[in-house]
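Per-entry structural report
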Amino acid sequence: MAARSSDGDARREWVPAVLAARDDTACRVREVLDRVGEKWAVTVIAELGRKPRRYNELRRSIPGVSQRMLTATLRDLERDGLVRRTVHPVVPPRVDYELTPLGATLLDTVSALLDWAVEHIDDVDGARAEYDGRQEAAAPG
């Protein structure tokens with residue numbers, strides 16, 4: 001495991017206090033985390049981090065996302081300044097989506113989260129199976 005920096009240690013100390021606070025800043029931080037943590041947001045950010053995409057190209061690159069959910073996710077990410085939507089004045093209209101500079105700042109974090117998930121999916125599956133087995137064994141028969 002890599003050594004942790006003192007900056008990282010200091011950040012880990014104040015983050016729980018921020019999230020536990022009941023003030024306006026804590027609420028806004030939770031709102032941002034909720035947005036970035038939405039079901040499709042991480043995938044959309046990762047895909048747009050590879051290259052700008054047209055809507056249908058983006059939809060095809062994300063298996064399982066519905067048109068409604070992709071549209072809502074893009075709209076929310078655009079509202080938060082993470083995604084830029086560009087409409088080109090051609091017939092038929094062409095719409096491109098890309099990360100803004102602010103959205104691009106999430107790429108390292110999103111990539112690290114995706115790497116962690118790929119690396120530990122078998123561990124999570126094993127923990128779920130173990131938990132489910134304990135629940136079944138404890139259930140009145």
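Quick caveat, the model's predicted, so the values are computed rather than measured. (Residues numbered from 1 in each chain as written. Predicted model: local features only at pLDDT ≥ 70, side-chain atom pairs only at ≥ 80, totals over all residues. Heavy atoms only, no water.)

**Examining helix α5 (residues 67–79)**
Two residues of an α-helix separated by three or four positions point the same way, owing to the 3.6 residues in each turn. Over its 13 residues, α5 runs 18 Å from end to end, which matches the ideal 18 Å to within 8%, given 1.5 Å per residue. Among the residues making up α5, those that are buried are L70, T73, L74 and L77. For α5, the angular spread of buried residues about the axis comes to 95 degrees, placing them on one side. Projecting away from the buried face of α5 at angles above 90 degrees are the exposed residues R68, R75 and R79. The elements touched by buried residues of α5 are α2 (24–36), α3 (41–50), α4 (55–60), β2 (83–88) and β3 (94–99). Just past α5, the residue G81 takes up positive phi, approximately 80 degrees. (Helix = DSSP H or I, 4+ residues; strand = E, 2+ residues; numbered from the N terminus. Expected span 1.5 Å × (residues − 1). Buried < 20%, exposed > 50% of the residue type's maximum accessible area, 1.4 Å probe, protein only. Arc of directions from axis to C-beta. Contact = heavy atoms within 4.5 Å.)

**Topic: the packing of α3 against helix α7 (residues 107–138)**
For the pair α3 and α7, interaxial distance at closest approach is 10 Å and the crossing angle is 115 degrees. In this structure, α3 crosses over α7, and the sense of that crossing is left-handed. Of the residues in α7, those in contact with V42, I45, A46 and G49 of α3 are L107, V110, L113 and L114. Split by residue class, the contact of α3 with α7 holds seven nonpolar, one polar and no charged. (Axes fitted to C-alpha atoms, helices over the stretch in contact; angles between N-to-C directions. Left-handed = near helix turned anticlockwise from the far one by under 90°. Nonpolar A, V, L, I, M, F, W, Y, C, P; charged D, E, K, R; others polar.)

**A short note on the pairing of β2**
Pairing between β2 and β3: six bridges, direction antiparallel. Bridged to V83 within β3 is L99. Hairpin connection between β2 and β3: a loop of five residues separates the two successive antiparallel strands. (Pairing = 2+ DSSP bridges.)

**Observations regarding the sheet that holds β3**
Spatially, the three strands line up as an open sheet ordered β1-β3-β2, and their pairing is antiparallel. Because the sheet does not close on itself, it has two edges, and the strands there are β1 (53–54) and β2. Sheet topology note: the β1/β3 ladder contains two bridges and is antiparallel. Its bridge partner lying in β3, R54 is registered against D96.

**Some points on the pattern of salt bridges**
The tally for this structure, following the rule as stated, stands at nine salt bridges. Between K51 and E57 there is a salt bridge, and its shortest N-O distance comes to 3.3 Å. What makes K51 partly exposed here is its relative accessible area of 41%. A salt bridge links R94 to D96; its shortest N-O distance comes to 2.7 Å. Several salt bridges converge on common partners, so that one network encompasses R35, E38, D76 and D80. (Salt bridge = Lys/Arg side-chain N within 4 Å of Asp/Glu carboxyl O.)

**Description of a negative patch on the surface**
Together, D115, E119, D122, D123 and D125 make up a negatively charged patch on the protein surface. The residue D115 is located in helix α7 in this model. (Patch = residues over 30% accessible without salt bridge, like charges linked within 9 Å, V, L, I, M, F, W, Y side chains within 5 Å. Areas by Shrake-Rupley, 256 points an atom, 1.4 Å probe, with all protein chains shown as cover. Lys, Arg positive; Asp, Glu negative; His and termini not counted. Charge placed at Lys NZ, Arg CZ, Asp CG, Glu CD.)

All quantities given are derived from atomic positions and should not be read as evidence of function.
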